[in-house]
Structure formats: C-alpha cells, structure tokens
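# Overview (structure and organization)
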Amino acid sequence: EMNEQRRIIAAFTEMAPEYENVVNGELQRFWGWSYNDFVDQLLAMTPICAGDAILDVATGSAVIPLRLSRQKVVENGRMIGLDITFAMLKQAKERIGYRSGAICLVCASAMQMPFCSQSFDVATCALATHHMDVSSLLSEMRRVLRAGGRITIADVAGSPAWRLPMIKALLRGVTFLYFLPGQGLARAIAEANALFNIRTVDEWQAILLKNGFSNIQITHLASKYSWLPDPLIITAVVKGETPLT
C-alpha cells in the first residue's frame, strides 16, 4: 500500500503543472464532458446549506473549493481541500490567491485524515476513488462527518466482466500502454493498478451500506461512447438521518 501511495504521489507530482488541462482532455476524449461541466454537475447534485463545513477529498488544484468560494455558498474558513500530493496543493495555493482565507489546504492521506470526528457537514471526492482503498476512505468520511452529513463521489463505473482474469489482464495492459507515452511511467502504473479499485453500481451500494451510509443515489451521466464505462455520481447520507434538500 505504501509503495502504491508513492507511485500515485509521483504520478500526480509530474502532472501537477498541467493537471486541469490533462483531466479536461481525458474527460472530453472518453466521456464528452469538459472538466468544468463535470464539476458543475457534481455540485448541482450536492446539497449545501448556509454554515456547512465542507471537505473536498483529493482536491487536486482546488477546483471544487474555488467554485464554491466564487458562488459564495460557504463561509470563510469552513472549506478544506485535502490531497496527498504536495505539488498539487502548491498549484491549488497559486490558484486560490486572495481567497486563501476562505479555503484551507491540508496535505494528508484520505485514508488517515487528520481531522476530529464529526467535523464536517459535506464531503466531496471527484475522480479519485479508483486510486484509493475505498473502504478505508468511506470509513474516514463517515468518521469526520456529523450526523446527517452528506457525501458526493464522482468516478467511473466498473463492469462485473472486469473481474475475469483474462479481461483484467487485457485492460491493465491496454491502460498501461495508453498512458505511458503521454504521461510517463508513474502515471501509467498508477492508472493500470487503479482498475482493481473501480466498482460496479452494486458494489458501491454494498460498500456504502457497510460503512454506515444510507439514502444512496447513484446516477449514470451521459457518455460519449456506449462501449466505455459511464461516469457515476454517487450521493449518500450518514445512516439514521434524513438528507437535507
């Protein structure tokens, strides 16, 4: 696990200066979405109330916190962006600029968050769960959220066929060869290994329930190609509470 984290940090350290351009190009190529439109869709499905404390997990260059800051829906100091890659947070800090009082950046693992229990009302995570131990991530999200806390997760949907050994090996090889020429060895390895963390809708339902979430809604977004896995947006609430609308 530690070696895998080092590979992910190395990959995203190399990507950091061009992260948003790279992600925008990949989303448009695979799904027909711009990065900005994708984030807009995620936030449109995330209920946020006055006074909420918000945590953006794997914040990257702080696209989500910045968008919320510009919309003025969050009070100063109640929005935290967490990322394991320091180089990404350096990019985020440059982009935040005069909004530095509104957004706090923290460099740490999403599987071991340095926050007190029940610190947040909302947690978001976009396009990153395939690089994490999802069970550990959800356990930590559940811990740091208050009663009735809400999560919104966006990532790619998996297929049951991907669990078949031959298909898994083929996909891993294709993924590695796709990313190697343009993004380098660290990114190619990180993305090839990430295939094992991509879950089906049924698997997401099960793992969310197991980790104490309810009111689970999983939405397939429109995709450019029918033969590629769809993007998913997942919303859920800490079990035992009614979601805020």
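Everything here concerns the structure above.
Quick summary incoming for the structure in this document. (Residues numbered from 1 in each chain as written. Predicted model: local features only at pLDDT ≥ 70, side-chain atom pairs only at ≥ 80, totals over all residues. Heavy atoms only, no water.)

### Brief notes about the layout of surface pockets
Basically, it comes down to this: A cavity, in this analysis, means grid points on a 1 Å lattice covering only the protein atoms where a 1.4 Å probe fits yet has no way out; a pocket is instead an open set bounded by protein on both sides within 12 Å along at least five of seven lines, and a residue lines either one if it has an atom within 4 Å of a point. Grid points are joined across faces, edges and corners, and a volume is the space filled by probe spheres set on the points. Numbering of helices and strands runs from the N terminus; a helix is a DSSP stretch of H or I covering at least four residues, while a strand is a stretch of E covering at least two.
By volume, the largest pocket amounts to about 1300 Å³. Mapped onto the lining of the largest pocket, the elements with two or more residues apiece are helix H1 (2-15), helix H2 (19-30), strand S2 (79-83), strand S5 (145-156), helix H7 (165-183) and helix H8 (185-194).

### Section: the pairing of strand S4 (residues 120-126)
Let me state the cut-off plainly: The rule is simple: take the accessible area with a 1.4 Å probe, protein chains only, and divide by the maximum for that residue type; under 20% is buried, over 50% is exposed, in between is partly exposed. A pair of strands is considered paired only if DSSP assigns at least 2 bridges between the two. Handedness of a crossover is defined as follows: with both strands directed away from the viewer, a clockwise route from the first strand across the helix to the second makes it right-handed.
For S4, a buried count of seven out of seven residues is recorded, marking the element as mostly surrounded by other parts of the structure. The pairing of strand S1 (residues 54-57) with S4 spans four bridges and is classified as parallel. Residue pairing across strands places Val57 opposite Cys125, the latter belonging to S4. Relative to S5, S4 runs parallel, the two sharing six bridges. Following the sheet pairing, Cys125 is matched in S5 by Ile153. Remark: the S4/helix H6 (residues 134-144)/S5 crossover connection has right-handed handedness.

### Structural notes on the packing of H2 against H7
To keep things clear, this is the line we draw: Note on method: axes are straight lines fitted to C-alpha atoms, helices fitted across the in-contact stretch only, with angles between N-to-C directions ranging 0 to 180 degrees. Left-handed is the label given to a crossing in which the near helix is rotated counterclockwise from the far helix by less than a right angle, and right-handed is the label when the rotation is clockwise. Throughout, a residue-residue contact means that at least one pair of heavy atoms, one from each residue, lies within 4.5 Å. Residue polarity follows a fixed list, in which Ala, Val, Leu, Ile, Met, Phe, Trp, Tyr, Cys and Pro are nonpolar, Asp, Glu, Lys and Arg are charged, and the others, Gly among them, are polar.
Packing of H2 against H7 leaves a shortest axis separation of 14 Å and a crossing angle of 145°. As H2 packs across H7, the resulting crossing turns out to be right-handed. Judged by residue contacts, Val22, Glu26, Arg29 and Phe30 of H2 engage Tyr178, Phe179 and Gln183 from H7. Considering only residue class, the contact of H2 with H7 consists of four nonpolar, one polar and two charged.

### Looking at the packing of aromatic side chains
What characterises a pair of aromatic rings is the spacing of the ring centres plus the angle enclosed by the ring planes. Quick note on the threshold: Any two rings among Phe, Tyr and Trp, with Trp reduced to its six-membered ring, count as a pair given centres within 6.5 Å; such a pair is stacked if its planes are under 30 degrees apart, edge-to-face if over 60, and tilted if neither.
Taken as a whole and assessed by the stated rule, the structure comprises five aromatic pairs. Arranged with centres 6.3 Å apart and planes meeting at 55°, the rings of Phe12 and Tyr19 form a pair that is tilted. Grouping residues by exposure puts Phe12 and Tyr19 together as buried. Both rings, one in Trp31 and one in Phe38, keep their centres 5.9 Å apart while their planes meet at 25°; by these two values the pair is stacked. The buried category is assigned to Trp31, whose relative accessible area is 10%.

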